[in-house]
Structure formats: structure tokens, C-alpha cells
Amino acid sequence: MGIRDRLSRLLTEAAADAEAIEHDGRWWTWGEVRRTARNLGEALDAVGAQAGARVGVVLENRPEHVAVVAAVIASGRCLVMLSPLQPAARLAADITHCEPPVVVSGAEPLAREGVLAAVTAHGAALELGTDGTLRPVGGTMPAGAPVNLGVAVEMLTSGTTGPPKRVPLRLGQLDQALVSGGQSPNPERLLSRSASLVATPLVHIGGLWRALACLATGRRMLLMPRFAVEPWVSAVERHRLRAASLVPAALRAVLDAGVPKERLASLQVVTSGTAPCPAELADAFLRAYGIPVLMTYGATEFAGAVAGWTLPLHERWWRRKAGSAGRAFHGVELRVTGEDGAELPVGRTGRLEVRTEQSTGGGRTWARTSDLARIDADRFVWIEGRADDAIIRGGFKVQPETVRRALETHPAVREAAVVGLPDARLGEVPVAAVEAEPGQPAPDTAELVAHCRGRLTPYEVPAHIVLLDALPRTPSSKVGRMELLALVRGRLAQQERVEEDRR
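Residues numbered from 1 in each chain as written. Predicted model: local features only at pLDDT ≥ 70, side-chain atom pairs only at ≥ 80, totals over all residues. Heavy atoms only, no water.

Participant: Could you clarify how one ought to interpret the overall build of the protein in this entry?
Facilitator: If you tally the helices and strands in the protein, you get 15 helices and 25 strands. Against the globule reference of 23 Å for 503 residues, the protein gives a C-alpha radius of gyration of 24 Å, in line with a compact fold. Residues classed as buried in the protein amount to 54% of the 503 residues present. Both charge centroids of the protein, one from 59 positive and one from 56 negative side chains, sit 4 Å from each other. (Helix = DSSP H or I, 4+ residues; strand = E, 2+ residues; numbered from the N terminus. Rg over C-alpha atoms; globule rule 2.2 N^0.38 Å. Buried < 20%, exposed > 50% of the residue type's maximum accessible area, 1.4 Å probe, protein only. Lys, Arg positive; Asp, Glu negative; His and termini not counted. Charge placed at Lys NZ, Arg CZ, Asp CG, Glu CD.)

So this is what it looks like as C-alpha cells:
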């Protein structure tokens, strides 16, 4: 049974009084979810949105929004993701650019300057109430609006390297991603009393995948508006969860908060994705709580993870393979190729390619990623950086990941990030920003530069290093490269002004 059929069954057969979604201390029942889905269907029919119609949803981490996601996919329409986390001008521009013929949104995003006007300029606006009601608030769906019958979701990427893009995800991709992640629907059981936490934004693939995994398996969903340590720990403790997910930044937050070990005693495993998880961080979590951290590797284009660690793999291999992204999941093939497209020998670094039903092209074609990787003799994949992040400094190629790792070997550096800064003479130069390790004296930049010189080639050493209280992050907790570059530029301009005043 695929996800569309599963959602259709849940919206028609799930017991009305069964607990579905916990949010802000209250349970939404399946009866409330069903009522919201019915309201949406009637509203979409009224504006003329037929099967395959593109439905934009300004998607928040709220129960009524989960019901909308389920209803849109179950109805055969195409869900177009719109992020409420964007400032008003960017949200309006995004709506104008992707032109969904109908947009569903909570009242607050629609009230932002320019947003409703952007919707009604070319489509109909439906306001979603917190009780699951919908009402038209302006505009009409254009006649003859194009449909997207082959696509279930137009998914947003995380936007770490620039403005977010949309990736079309077919139903088959979602189905295979759930199978690969061990979340296949059980045709004999519609609902389960077990529960799963969803603490990442639904508008990004990590949050959407976890929500769909809950629905596919019939588990109760513990939906957090956003990640925060105490609510997350409380949910684990109250529901005696055996598994949970934390992005690397959240892993650090739990460790830094000094959460008592007994509060996480029910957890047998924590998974971590969306960004590379340093082996040192995973080991620190294991030492503190006795809970293994299983890394996963994936991308929006694959509707989730395509490789990762399992508990048996961790028990057997972790000491020898710490830092690896794990092995390919079932139904996934991985290979590494050179610039000419030829497959490289075991252990050589090149461009990672993936063949799976999770990719847009299906399981017959190899999808070339932007990641540099190597695959060892035991089939573990090691991510070495991103090809499209390469900084060309006077003809020399610098991988930001290489520089980041060198900086993070300094005992006073908690985390580092590296970007390319345009340079009139060299084209680009690497610049870095670092967060200091709590409890350690803050390092000065000269010390960090000297540290890098002992570990990197001369052209890899950052031209500038700045200290930040916190690295800027996207909603999915990755470091935002564009925001980081703006911060570095601001710091450098400030330093120049100070030097000019001294003269």
C-alpha cells in the first residue's frame, strides 16, 4: 500500500476518537483531522481545483496543517511547499515566482505585507483556521491552470547556498523513501499506540518525511512548533520513546543543557540527518547517555535518506568507521565517478552518484549529486565535501569541508564554517567563522590562522577568520552560507573602519 492509499484510508476509516497529533499540550483526534480534510476538499472543489491541481500551502508545524498535507496528497492534487519562515517580502516573491493557482495559509502569513496581494494576483486564497475551518479571502483560480498529475509534492530545498528551490517528488519516490527508511505501512493495522516526535519544520524534507512516516505507520504524532530542549526531553520522557531524531545542532543543545541521563533512559537510538554529524559529537552523546547516534545521508531530491547507519552496523563497525555516513539503504545503489563520468576505484574521491526509485529519474538512471565522496572496501560511504561549494583561489581549488575540519581540531573551536569571498585579484578566497567552545578561552584569529597553517596547504588557509557567538542557521539547522557570508563581510567592514580611525 502506497502513501496515497494509506492517507485515503486514514481519512475515511480511522476511529474518530483516536489520538492523532499532540501539539502544545492538546491532542487532535482523527475525527478533527478528517473534518479538516473534508473542509479542504470542499473548499478546493469550490474554487475549481481538480485532480492534479497545484495547491500552495504555507506550511506550519500545526495539526491542521498536517491534515491539509494528508488531504492534498490523498486527493491526487500536487502540494506546493511555501515556507512561513521567510520574511514577508521573500514569501510574496516566492508565491509570485511559483504561481500556485490556489494557496492555503494560516491567518498570520496572509496578513503580512504583500503576501495576500501576491496570491490573489494570479490565484485564490484560502485562510486556514486553527480549528481546521477554511474560508476564501480573495482571488479566483485562473481558468485552464496547469496541473501536475505526476507529482505529489513540489518540495523546498533547505536554501543553505542561496534562495530555496523546488524539487518535484513523485508518489513513487515518497513510497520508496518510506520503505528504505523502514517505515512501510502495515496493511493489517491502521493505527498504533506508539508515538514519534516531529520537531523539524514540516516545510523541509526532514520534517515532511517524519510526518509521513508517522501517518504511514499509524503512529501518534508528537508535533513540536520548533525544537527546544526541554519540550523535546519532556516528550521523550512522557511517552517513553525508544527512538528519536536530532540534527547535529540539537544534539549539541541537549549535551550543553546537561540533561540528566535518566530522563532519556527509554531511548535506544537517536538518528541524525540534514547536516554532517561529526564523529566526536556522536561519541560525546554516546558517552553521556549510552545512546548510539545513527547518521543518515540524503537529499531533498531523494525524498529523504538513501544511506545511513543501523544499530547492528553501529555495534559491529562504529569504532573502525566513525565519521562515515553509513551504507546504502535497501533498494539504493551508490557509486563514485570522476569528472569524465567514469566510475572510480574503491577508496578514490569523486562525485557521488545514486540510483534508486527515490530519485526523480527513477531506479534506472544514475543521479549525480553535488557531494564529493569515497566508498571504501566495506561499502561505507564517506562524504568529503561538496563539489559546488569549491572555492577557486587563484586557480587552486579549496574545499570548505577540508578547512572546516582543520579549524575544528583546535580545542577552543566548537564549530566552524567556511565560505568563498569574492576577491578582485584571486577570484575568491576562503573565509571562516567559528563558534568558541564553551568553557574555553576564546582563541584569537592569529592563533587560528597559525593552527590552519600547520594543517593545510597555503592556499587553503582562510584569508579571514571571525569569531561569532553563534553561526547563522537555516530552519533545518544547517549553517546558512549566504547569511554567513553577509556576517563575515560586515565584520570585515567594521574592522576596516576601526583601522581607518586609528590612522
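Participant: Could you clarify how one ought to interpret the packing of helix H1 (residues 3-13) against helix H3 (residues 63-74) in this entry?
Facilitator: Think of two packed helices as two axes; the pair is described by the angle between the axes and how far apart they sit. Contact geometry for H1 and H3: axes closest at 8 Å, N-to-C directions at 120°. Viewed along their axes, H1 and H3 adopt a mutual orientation that is oblique. As for how H1 packs across H3, the hand of that crossing is left-handed. Judged by residue contacts, Arg 4, Leu 7, Ser 8 and Leu 11 of H1 engage Ala 70, Ala 71, Ile 73 and Ala 74 from H3. Taken together, the residues that form the contact of H1 with H3 break down as six nonpolar, one polar and one charged. (Axes fitted to C-alpha atoms, helices over the stretch in contact; angles between N-to-C directions. Parallel < 35°, antiparallel > 145°, perpendicular 65-115°, else oblique. Left-handed = near helix turned anticlockwise from the far one by under 90°. Contact = heavy atoms within 4.5 Å. Nonpolar A, V, L, I, M, F, W, Y, C, P; charged D, E, K, R; others polar.)

Participant: Honestly, the sheet that holds strand S8 (residues 153-156) in this entry has me stumped. Any pointers?
Facilitator: Picture the strands of a sheet paired through backbone hydrogen bonds; they go either parallel or antiparallel. An order of S7-S6-S5-S3-S4-S8-S9 is seen for the seven strands of this open sheet, with the pairing classed as mixed. Taken across any chain shown, the strands that pair with only one partner, and hence form the sheet edges, are strand S7 (134-138) and strand S9 (166-169). Each strand axis lies, on average, 30° off the axis of its neighbour in the sheet, ignoring direction. Relative to strand S4 (residues 78-82), strand S3 (residues 54-58) is paired through five bridges, and the arrangement is parallel. Residue pairing for S4: Val 57 is matched across the bridge by Met 81. Packed onto the sheet, helix H4 (residues 88-98) meets S3, S4 and S9 and runs at close to 150° relative to S4. (Pairing = 2+ DSSP bridges.)

Participant: How do you make sense of empty space enclosed by the protein when you look at a structure like this?
Facilitator: Overall, the coordinates contain two cavities of 30 Å³ or more when judged by the stated rule. Of the voids in this model, the largest cavity is the one considered here, and its volume is about 40 Å³. Every residue along the wall of the largest cavity is listed here: Val 66, Val 69, Leu 202, Leu 208, Ala 211, Leu 212 and Leu 215. Secondary structure elements with two or more residues in the lining of the largest cavity: H3 and helix H8 (205-217). In terms of residue count, the dominant contributor to the lining of the largest cavity is H8 (four residues). Of the residues contributing to the lining of the largest cavity, the split by class is seven nonpolar, no polar and no charged. (1 Å grid on protein atoms, 1.4 Å probe; cavity = no way out; pocket = protein on both sides within 12 Å on 5 of 7 lines; lining within 4 Å. Points joined across faces, edges and corners; volume = space filled by probe spheres on them.)

Participant: How should I be thinking about the layout of surface pockets in this particular structure?
Facilitator: Gaps left between atoms show up when a probe the size of a water molecule is rolled over them. Its volume calculated, the second largest pocket comes out at about 580 Å³. In terms of lining, the second largest pocket is formed by 29 residues, of which the most central are Ala 199, Pro 201, Pro 225, Arg 226 and Phe 227. Going through the elements one at a time, strand S10 (195-198) and helix H10 (248-257) are the ones with two or more residues in the lining of the second largest pocket. It is H10 that contributes the most residues to the lining of the second largest pocket, three residues altogether. Across the lining of the second largest pocket, the residue classes tally to 18 nonpolar, five polar and six charged.

Participant: Can you help me understand the sheet that holds strand S14 (residues 293-299) in this one?
Facilitator: The five strands are arranged S12-S13-S14-S15-S16 in an open sheet whose pairing can be described as mixed. Edge positions in the sheet fall to strand S12 (243-245) and strand S16 (327-328), since each has one partner strand and no second. One ladder, built from three bridges, connects strand S13 (residues 269-272) with S14; its direction is parallel. Paired with Thr 271 across the bridge in S14 is Leu 294. This element, helix H12 (residues 311-321), spans S14, strand S15 (304-308) and S16 of the sheet and lies at about 115° to S14.

Participant: How do you make sense of the pattern of salt bridges when you look at a structure like this?
Facilitator: Side chains bearing opposite charge may pair, as long as their charged atoms lie close to each other. This structure, assessed with the given rule, holds 27 salt bridges. Of the charged contacts in the structure, one is a salt bridge between Glu 19 and Arg 193, with a shortest N-O distance of 3.4 Å. One end of the pair, Glu 19, is in strand S1 (residues 19-23); the other, Arg 193, is in the loop between helix H7 (171-180) and S10, with 174 residues separating them in the sequence. Judged by its relative accessible area of 60%, Arg 193 is exposed. Via salt bridges that share partners, Arg 374, Glu 384, Glu 401, Arg 404, Arg 405 and Glu 408 belong to a single interconnected network. (Salt bridge = Lys/Arg side-chain N within 4 Å of Asp/Glu carboxyl O.)

Participant: Got a minute to help me understand the packing of aromatic side chains in this structure?
Facilitator: Pairs of aromatic rings are described using the distance from one ring centre to the other and the angle between the two planes. Scanning the entire structure with this criterion turns up five aromatic pairs. With a centroid separation of 5.1 Å and 70° between ring planes, the pair formed by Trp 309 and Trp 318 is classed as edge-to-face. Clustering of aromatic rings is evident, with ring pairs tying together Trp 309, Trp 317, Trp 318 and Phe 380. (Phe/Tyr/Trp six-rings, centres within 6.5 Å; stacked < 30°, edge-to-face > 60°.)

Participant: Just checking my understanding: could you explain helix H13 (residues 400-407) for this structure?
Facilitator: Along an α-helix, residues three or four positions apart point the same way, because every turn accommodates 3.6 residues. A large share of H13 lies buried, amounting to six of its eight residues. Among all positions of H13, only Pro 400, Glu 401, Val 403, Arg 404, Ala 406 and Leu 407 are buried.

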